[in-house]
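# Observations on the three-dimensional arrangement
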Amino acid sequence: MILRRRSLLRVLPALVRQFSCAEGTYDVVVVGGGHAGTEACAAAARLGRKTLLVTHKKSTIGEMSCNPSFGGVGKGHLMKEVDALDGVCSRICDLSGIHYKVLNVRKGPAVWGPRAQIDRKLYKKHLQNEIFNHTPNLEIIEAAVEDLMIHENGHCTGVVLENGDYVSSKTVVITTGTFLNGQINIGLDVRPAGRVGDEPSIGLAKTLERLKFRMGVLKTGTPPRIYRSSIDFSDCEKHLADMPPLPFSFINSQVWIKPEDQVPCYLTFTTPGVDKIVKENLHVNRHVSEEITGPRYCPSIESKILRFGNRAHQIWLEPEGLDSGLIYPAGLSCTLPEDLQSQLIRQVKGLENAVLARPGYGVQYDFVDPRELWPSLETKKIPGLFLAGQINGTTGYEEAAAQGIIAGMNAALQVLDREPFVIRRTEGYIGVLIDDLTTHGTNEPYRMFTSRAEFRVYLRPDNADIRLTKKGFDAGVVSNERMQVLQQTQSSLEYCEEVLQSVMLPPRKWKSLFKMPNSTSTASKSAFSLLADSSIKATVFQLRNLMPDELRCLDGTEAVWDRLVICSTYKHYEKMQTAEIEAIKKEQELVIPKNFDYNMPSLNLSMEEREKLAFSQPQTIAAASRIPGVTPSAVLRLMVYVKQKGHKAPVAARG
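Residues numbered from 1 in each chain as written. Predicted model: local features only at pLDDT ≥ 70, side-chain atom pairs only at ≥ 80, totals over all residues. Heavy atoms only, no water.

### A short note on the packing of helix 3 (residues 75-84) against helix 11 (residues 397-415)
Relative orientation of the contacting elements helix 3 and helix 11 amounts to 30°, with a least axis distance of 9 Å. Accordingly, the angle class assigned to the pair helix 3 and helix 11 is roughly parallel. Every pair of crossing elements has a handedness; the one defined by helix 3 and helix 11 is left-handed. Across the interface between the two elements, Lys 75, Leu 78, Met 79 and Val 82 of helix 3 pack against Glu 398, Glu 399, Ala 401, Ala 402 and Ile 405 of helix 11. Residue composition of the contact of helix 3 with helix 11, grouped by class: six nonpolar, no polar and three charged. (Axes fitted to C-alpha atoms, helices over the stretch in contact; angles between N-to-C directions. Helix = DSSP H or I, 4+ residues; strand = E, 2+ residues; numbered from the N terminus. Parallel < 35°, antiparallel > 145°, perpendicular 65-115°, else oblique. Left-handed = near helix turned anticlockwise from the far one by under 90°. Contact = heavy atoms within 4.5 Å. Nonpolar A, V, L, I, M, F, W, Y, C, P; charged D, E, K, R; others polar.)

Structure (structure tokens):
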């Protein structure tokens, strides 16, 4: 229900509360139409709740404000998990990607990073079509949110728009990205904005401050855009896409583009001339000189030069679309004045004659300390109010989408009076992301990496559907169609593994069938275990020929075969890691001896962990795990050590 406010500015609070309880209120209001907001409103709508998306401009829904890509190392895991929960972004990437590449392939599949260059126009087109035309229970209005409606019991009951309208709702999800008190910096020029061409969210920032949320300020930036026709690619290193491309979504067997039609990316490097321009012009670069924390893992070119000294820095030249004349120079985020940016880009190999289409700029914005949130992403201070995306101190489309789907689900589940949907860090990278934020907070824009997950052998991109889709289906956010796809996949995997496990032959027999290295072992091996042998490249296809009748049902389903190889590779390690996960659950009540020496080298603790553990002197493993800054991997090592020394937890010590 939307009500006019202008004549009610000084009305009694009781009247506002009456409006918030009136019939026709929304179940969920989502503020912001970015990547967190679109996933949040779509998730709430899939749960059958009457949902409203409030955005500054409908035309910018699906806008890729910075880089024209999704996925990567760690980020690709998040994409697969969002998709496993029936999220939107992965399916849209399969309809709009122009260069698909799996990163980290030299390492094991557990840390592979699915990634794709995206056509900006196509992504926005397909996402808007999904949100506007194929999402029941969802309404969208163009407006700015100025304030929140708070019931006398402290519960959030809606939002107040800039034009004075009340929008009543049972829950609210805020996904304002970089718009919260946002300002853009180019050289010494400062202007209020969340991104170029869009006004910041000032009133909402004041509301959160008034409600006494712990706030902070972060900054990020974007590179200039360069006209493609002005670049000499012959002086750059050409990188081709994967053939065939790997889809992001588990429900797709292929992407929209023909493999041969994918466009290349190019790698080039900075020269000492870039360093010279940066160092000589710090006095006209307000964004760099300010004492505000920026992204450590995707810093500006100025920060890299000041931090790492004289060295050449990689610049990736990425196309913005099939019919776009613009190139995105990843790694060249810059906030110098426009004329100096034009000079700077011409100091990069291949860009000697480059023409600037749009200058890069820095963005400074407010965020809420994520320790103000429960793992459901509901705020602790205001029940019914959820936060997702960069407002929680993260950076990146993928981190935003992951938070958005969880916040949207939980807002809807609260309306349904059901338990929150929480992914533990032992269940998914989404769980790692949210646990890191809500337990430790962040003093810099948070970015997901595989190194943040203790159980990454188990939390792989290939099995995200097996880990999370059934959980999402039970919560009501996953469709019957997707659940059927999962059941078919699991059935095929289980049947095929059973068949391959049943074929046991001695090494000499396998050697006679395949070109295998000599082995001194005489123990029989199963056909399934043979898949894990990286020295036998043709095993999968030869096994299909060896057992054509048994495996005929899998003809043409290469994705299942690929997953079988990964399952075979990690079978042993996955069992070990699953046992570790169960051990953590069972052994959390182990008693830590008094005056425990946390400086023992065998514990391999960081200096921060040693100091915090020594200061807190936790009595149990469970208590140690709740200390901010002590990682789960440190807790695991501590638990193993204490258990080996025989310190069992008496019943009286629990709690």
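### With respect to helix 21 (residues 632-644)
Relative to the 18 Å expected for 13 residues at 1.5 Å per residue, helix 21 spans 18 Å between its end C-alpha atoms, a close match to the ideal helical length. Those residues of helix 21 that fall on the buried side of the exposure criterion are Pro 632, Ala 634, Val 635, Leu 636, Leu 638, Met 639 and Val 642. (Expected span 1.5 Å × (residues − 1). Buried < 20%, exposed > 50% of the residue type's maximum accessible area, 1.4 Å probe, protein only.)

### Observations regarding the packing of aromatic side chains
What the rule picks out here adds up to five aromatic pairs. Between Phe 596 and Tyr 598 the ring centres are 5.0 Å apart and the planes differ by 55°, which places this aromatic pair in the tilted class. Under the relative-accessibility criterion, Tyr 598 is labelled buried at 3%. Aromatic rings pair up to connect Phe 70, Tyr 123 and Tyr 397 into one cluster. Note that Lys 50 overlies the ring of Tyr 26, its terminal NZ or CZ placed 5.0 Å from the centroid. (Phe/Tyr/Trp six-rings, centres within 6.5 Å; stacked < 30°, edge-to-face > 60°. Lys NZ or Arg CZ within 6 Å of the ring centre and 35° of its normal.)

### Focus: the sheet that holds strand 15 (residues 237-239)
Ordered in space as 15-16-17-18-14-19, the six strands form an open sheet in which the pairing is antiparallel. The open sheet has two edge strands with one neighbour each: strand 15 and strand 19 (356-358). Going across the sheet, the axis of each strand differs from the next one's by a mean of 35°, ignoring polarity. Sheet analysis places strand 15 next to strand 16 (residues 265-269), joined by three bridges and oriented antiparallel. By the bridge assignment for strand 16, Lys 238 is matched with Tyr 266. (Pairing = 2+ DSSP bridges.)

### Quick look at unusual backbone geometry
Only a minority of non-glycine residues have a phi that is not negative, and only a minority of peptide bonds are not trans. Residue Pro 244 follows Met 243 across a cis peptide bond; omega there is 0°. Mapped onto the fold, Pro 244 is located in the loop between strand 15 and strand 16. For Leu 377, which is not glycine, the phi torsion reads 75° and is therefore positive. Along the polypeptide, Leu 377 turns up in the loop between strand 20 (361-368) and strand 21 (385-387). Of note, the phi angle at Asn 604 is positive, near 55°, even though the residue is not glycine.

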